[in-house]
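Topology and contacts: notes
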Amino acid sequence: MMMSRSGRPSRVPLAVRLVQVCLASSLLVYLASLTLRNDAGYDVVFEGWVANFALAMCPLLCLLRVLWQPAHRAAFACLGLGGLFFTAGNIVYVAHV
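A brief look at the structure comes next. What you are looking at is a predicted structure, and each value in this text was computed from that prediction instead of being measured. Counting of residues starts from 1 at the beginning of each chain's written sequence and follows it residue by residue. Restriction of local features to residues with pLDDT of at least 70 applies here, the model being predicted, together with a cutoff of 80 or more for giving and counting side-chain atom pairs; totals for whole chains, interfaces and linings are based on all residues. Excluded from the side-chain calculations are hydrogens and water; all other atoms, namely the structure's heavy atoms, are used.

**Things to note about the overall build of the protein chain**
A helix here means a DSSP run of H or I that spans at least four residues, while a strand means a run of E at least two residues long, and both kinds are numbered starting from the N terminus. Scanning the protein chain from N- to C-terminus turns up three helices and two strands. Each helix and strand of the protein chain, ordered N terminal to C terminal, gives the series β-β-α-α-α. Radius of gyration (C-alpha) of the protein chain: 16 Å, far over the 13 Å computed for a compact globule of 97 residues. Dimensions of the protein chain along its principal axes, counting C-alpha atoms only, are 55 × 25 × 15 Å. Partly exposed describes any residue whose relative accessible area lies between the buried limit of under 20% and the exposed limit of over 50%, with all areas from a 1.4 Å probe on protein chains only and scaled to the type maximum. Counting over 97 residues, the protein chain shows a buried share of 24%. Counted over contacts in the protein chain with a minimum sequence separation of 6, partners at least 24 positions apart contribute 52%. Throughout, radius of gyration means the C-alpha value; the globule benchmark is 2.2 Å times the number of residues raised to the power 0.38. When checking whether two residues touch, look at their non-hydrogen atoms; a contact exists if any pair is within 4.5 Å.

**Describing the nonpolar core**
Formed by Val 16, Val 19, Leu 23, Ala 54, Ala 56, Met 57 and Leu 64, the largest nonpolar core amounts to seven residues. Where this core is concerned, the elements lending two or more residues are α1 (14-36) and α2 (44-68). Looking at this core, the element that brings in the most residues is α2, giving four residues. Residues contacting Ala 54, with those up to four places away along its chain left out, are Leu 23, Ser 26 and Leu 27. Nine residue types can take part in a nonpolar core, namely buried Ala, Val, Leu, Ile, Met, Phe, Trp, Tyr and Cys, and a core is a set of them joined through side-chain atoms within 4.5 Å.

**Regarding a nonpolar patch on the surface**
For patch building, the residue pool is restricted to those with more than 30% relative accessible area and no salt bridge; the joining distance is 9 Å between like charges and 5 Å between nonpolar side chains (Val, Leu, Ile, Met, Phe, Trp, Tyr). Per-residue and other accessible areas were derived by the Shrake-Rupley procedure at a 1.4 Å probe size, with only the shown protein chains allowed to occlude residues. For this analysis, a salt bridge means a side-chain nitrogen from Lys or Arg found within 4 Å of a carboxyl oxygen belonging to Asp or Glu. A grouping of Tyr 42, Val 44, Trp 49 and Ile 91 is seen on the molecular surface, where their side chains present a nonpolar patch of about 400 Å² in accessible area. Locating Tyr 42 in the fold gives a position in the loop between α1 and α2.

**Side note on the side chain of Thr 87**
By the element assignment, Thr 87 lies in helix α3 (residues 73-96). Leaving out residues up to four positions away in the same chain, Thr 87 has contacts with Asn 52, Leu 55, Ala 56 and Pro 59.

**Notes on α2**
Since there are 3.6 residues in each turn of an α-helix, residues three or four apart along the chain are aligned in direction. Multiplying 1.5 Å by the helix residue count minus one yields the expected span of that helix. A rise of 1.5 Å per residue sets the reference length of α2, with its 25 residues, at 36 Å; its end C-alpha atoms lie 35 Å apart and thus fit the reference within 8%. Glu 47, Gly 48, Val 50, Asn 52, Ala 54, Ala 56, Met 57, Pro 59, Cys 62, Leu 64 and Val 66 are the residues of α2 that are buried. Packed against the buried residues of α2 are α1 and α3. Polar contacts, as used here, are pairs of N or O atoms within 3.5 Å; protein pairs need one atom able to donate a hydrogen and one able to accept it. Residues neighboring in sequence count only if both atoms are side-chain atoms. Capping of α2 at its N-terminal end is provided by Asp 43; its side-chain oxygen lies 3.2 Å from the backbone amide nitrogen of Val 45.

In short, the description is geometric, and any link to function would need to be established separately.
In structure tokens:
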């Protein structure tokens, strides 16, 4: 729950809720793929794209917090940008290899 400047709980923006739903659903899909697959090999769809999609949602949540909450903006901006760069590196690696 987000807090307003007055200390009262404020509503969570719709964009944040959508990103949270995308993150939770992609994690559930990835977890299901890990537990239900018969082969133990690398699957490009799940390890390459679903996992990286979930990985990209985390820094996106940090950057959305930068937009809506004034406290600790610089710290969350650094976390969000670092996470995006890490995700971009993973995607480049998956695309290259």
